[in-house]
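# A structural walkthrough
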Amino acid sequence: MKFLGSTVLVAAMLASASFVAASGHNDVHAPALRRHNSHHHNHKKSSCSASAGAGGKKTHKNKKSSSDNGAAASATNNAAKNAAKDFAKSSSSSSSSSEEHSAKSSSSSESSSSSSSSSSSSSSSSSPNKKGGKAGLCWANANGIPIDNFMGGDVSWAYSWSDTPGWDGFPIDELMYCPMLWGYKNEATFKKNVVQNQNGKFNKHKCAMGMNEVNQKGQSIMSAAEGCKLMRENLMPLKDNGWYIIGPSTTNAPDGKTWYQDFQKTCPDVFNKIDAIALHYYATDVNDFKKYIQDWHETFGKDLWITEFACQNFSGGAQCSKDEAWQFGQTITSWMNSQSYVKGFSPFAVLQDLQGVSEVNRLSNGNNPTSLFRMLTGAL
């Protein structure tokens, strides 16, 4: 990991050449870790995603929860060895099963157009996911890892941070695939493979995702006005033909919510048509996670897809232990499964190189799922 600059720390972690070659998916680029110490935010967020297009990198912006005040943890030399070990099943005795919460259904918004937000959510089409389970795959591997090994339990859908899965053998009949308009980088291929080919093989489920981390430098960062234009030109033609549209994703930094409020005000015609919002969350506090998700639903009156999450501290405090990561994941997945407005979730991520995320969150050990993955996806 290299650190550049006095205020911004950047660790560029490119996936190995052999891994990329094995995947056959040249549009995927490993992320870089970016930590922003600027602004006066008390909350900083990390977010992960593989970008499309040459030279794309993945970045993390931190959100610090109220419990993340510990001293910075140092990397251990045996982290890779620990990552290869499955979590002990004994650590699954979390008290999460006893926690039952009913989310408020209020759709009041902090913006002047909150009434149109709540009315739009009530008319949104139901999720196109017909398999039942909410668990999904962040899958940027193409066929470099056998996807069949990760299709147990509640796994029912997947996305690849791109407009196609990256290989022809994706099990489109077994998993709902949602192409993503990552940003300007893949706008041309999204038009070709999705907008102009709506009945194509990988568009079977009529589900599409908006831009990736629109508030994050190094990802698809753009203004709300730019987001409106991209959505109107590329996603609304799909919506007009009955597609289910998941709006752009944000990191859980405070400017993520601000971006969506600006988006709602700038183009209510587009905002009102999207069926759901995608959120990314990286922190270590279970209660903060729940409050964060509930707040977005109550503010915007939309269903939610949590398309990246991990028990990960990017704010300088201690990382989760293996037991803490297990308990965090067990509690929040149980809670998300009980919330009717959370339509899907996908932990970050089934990757050989975790690209800056702590090894305690490892979901794959070679070609096989870890116990953590199986627990998060209901496959234990």
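All figures in this text were calculated on a predicted structure; none of them were measured in a lab. (Residues numbered from 1 in each chain as written. Predicted model: local features only at pLDDT ≥ 70, side-chain atom pairs only at ≥ 80, totals over all residues. Heavy atoms only, no water.)

Okay, the environment of Ala 135 next. Summarising the element assignment, Ala 135 is placed in the loop between helix H3 (114-122) and strand S3 (136-138). Take Ala 135: its relative accessible area is 1%, and that puts it in the buried class. Considering only alpha carbons, one finds Ala 135 and Leu 376, 241 residues apart in sequence, at a separation of 7.8 Å. Not counting chain neighbours up to four residues away, the residues in contact with Ala 135 comprise Asp 154, Val 155, Ser 156, Trp 157, Phe 345 and Thr 377. (Helix = DSSP H or I, 4+ residues; strand = E, 2+ residues; numbered from the N terminus. Buried < 20%, exposed > 50% of the residue type's maximum accessible area, 1.4 Å probe, protein only. Contact = heavy atoms within 4.5 Å.)

To continue, consider the packing of helix H5 (residues 224-234) against helix H7 (residues 254-266). Running from N to C, H5 and H7 point in directions that differ by 60 degrees, and their axes come no closer than 9 Å. Compared by their axis directions, H5 and H7 come out oblique. Handedness of the H5/H7 crossing: right-handed. Contacts from Ala 224, Ala 225, Gly 227, Cys 228 and Met 231 in H5 reach Trp 259, Asp 262, Phe 263 and Thr 266 in H7. (Axes fitted to C-alpha atoms, helices over the stretch in contact; angles between N-to-C directions. Parallel < 35°, antiparallel > 145°, perpendicular 65-115°, else oblique. Left-handed = near helix turned anticlockwise from the far one by under 90°.)

The next subject is unusual backbone geometry. Along the chain, Phe 348 connects to Ala 349 via a cis peptide bond; the corresponding omega equals -15 degrees. Mapping Ala 349 onto the fold places it in the loop between strand S10 (342-345) and strand S11 (364-365). In this model, Glu 213 sits at a positive phi of 50 degrees, which is unusual for a non-glycine residue. Counting through the fold element by element, Glu 213 comes out in the loop between strand S6 (207-209) and H5. Taking relative accessible area as the criterion, Glu 213 reaches 0% and is therefore assigned buried.

With that settled, the discussion passes to the sheet that holds strand S7 (residues 244-250). Here five strands make up an open sheet; going across it, the order is S6-S7-S8-S9-S10 and the pairing parallel. The two strands at the open ends of the sheet, each matched to only one other strand, are S6 and S10. Direction aside, the axes of adjacent strands within the sheet are offset by 25 degrees on average. Of the strand pairs in this sheet, S7 and strand S8 (residues 276-283) are connected by four bridges, and their pairing is parallel. Residue Gly 247 lies in a different strand from S8, and its bridge partner there is Ile 277. Strands S8, strand S9 (303-311) and S10 of the sheet are contacted by helix H10 (residues 322-338), whose axis makes an angle of about 175 degrees with S9. (Pairing = 2+ DSSP bridges.)

Okay, the pairing of S10 next. Note: S9 against S10, three bridges, orientation parallel. Bridging from a neighbouring strand, Ile 306 pairs with Phe 345 of S10. Following the backbone out of S9, through H10 and into the adjacent parallel S10, one traces a crossover that is right-handed. (Right-handed = clockwise from strand over helix to strand, strands pointing away.)

It is worth spelling out helix H9 (residues 286-300) at this point. Compared with an ideal rise of 1.5 Å per residue, which puts 15 residues at 21 Å, H9 spans 22 Å between its outermost C-alpha atoms and is within 8% of the ideal. For H9, the tally of buried residues reaches twelve of 15 residues, placing the bulk of the element in the interior. Taken as a whole, H9 has its buried residues at Val 286, Asp 288, Phe 289, Lys 290, Tyr 292, Ile 293, Gln 294, Trp 296, His 297, Glu 298, Thr 299 and Phe 300. You can read the cap of H9 off the contacts: a side-chain oxygen lies 2.9 Å from the backbone nitrogen of Asn 287, and it is on Asp 285. (Expected span 1.5 Å × (residues − 1). Polar contact = N/O pair within 3.5 Å; in protein donor to acceptor, adjacent residues only side chain to side chain.)

A few words now on the pattern of salt bridges. Within this structure, the stated rule accounts for eight salt bridges. Between Lys 201 and Asp 168 there is a salt bridge, and its shortest N-O distance comes to 3.3 Å. Highlighted residues: Lys 201 in the loop between helix H4 (187-195) and S6 and Asp 168 in the loop between strand S4 (157-159) and strand S5 (176-177), separated in sequence by 33 residues. (Salt bridge = Lys/Arg side-chain N within 4 Å of Asp/Glu carboxyl O.)

Strand order across the open sheet formed by three strands is S3-S4-S5, with parallel pairing between neighbours. Edge positions in the sheet fall to S3 and S5, since each has one partner strand and no second. When S3 meets S4, the two strands line up parallel, connected through three bridges. In the sheet register, Gly 136 faces S4, and the bridge partner there is Trp 157.

Tallying each qualifying case throughout the model produces three disulfides. With a sulfur-sulfur separation of 1.9 Å, Cys 311 is cross-linked through a disulfide to Cys 320. Taking the sign of the torsion about the S-S bond as the criterion, the disulfide between Cys 311 and Cys 320, at about -60 degrees, is left-handed. Since its relative accessible area comes to 1%, Cys 311 is described here as buried. When the bonded cysteines of the protein chain are numbered from the N-terminus onward, they pair as 1-2, 3-4, 5-6. (Disulfide = S-S within 2.5 Å.)

Within the sequence span of H5, burial applies to Ala 224, Gly 227, Cys 228, Leu 230, Met 231 and Asn 234. Where H5 is buried, its residues contact H4, helix H6 (236-239), S7, H7 and helix H8 (268-271).

In terms of nonpolar packing, the biggest core is built from 70 residues, with Leu 137, Phe 263, Phe 289, Ile 293 and Ile 306 touching the most fellow members. Among all residues touching Leu 137, those that are not within four sequence positions of it are Ile 147, Phe 150, Val 155, Trp 157, Ala 158, Tyr 159, Leu 175, Ser 346, Val 350 and Phe 373. (Core = buried A, V, L, I, M, F, W, Y, C linked by side-chain atoms within 4.5 Å.)

The next point concerns the packing of H7 against H9. Two quantities define a packed helix pair, namely the angle between the helix axes and the distance between the axes. At a closest axis distance of 12 Å, the pairing of H7 and H9 adopts a crossing angle of 15 degrees. Of the possible angle classes, the one that applies to H7 and H9 is roughly parallel. For the element pair H7 and H9, the recorded crossing hand is right-handed. Across the interface between the two elements, Gly 256, Lys 257, Tyr 260, Gln 261 and Gln 264 of H7 pack against Asp 295, Trp 296, Thr 299 and Phe 300 of H9.

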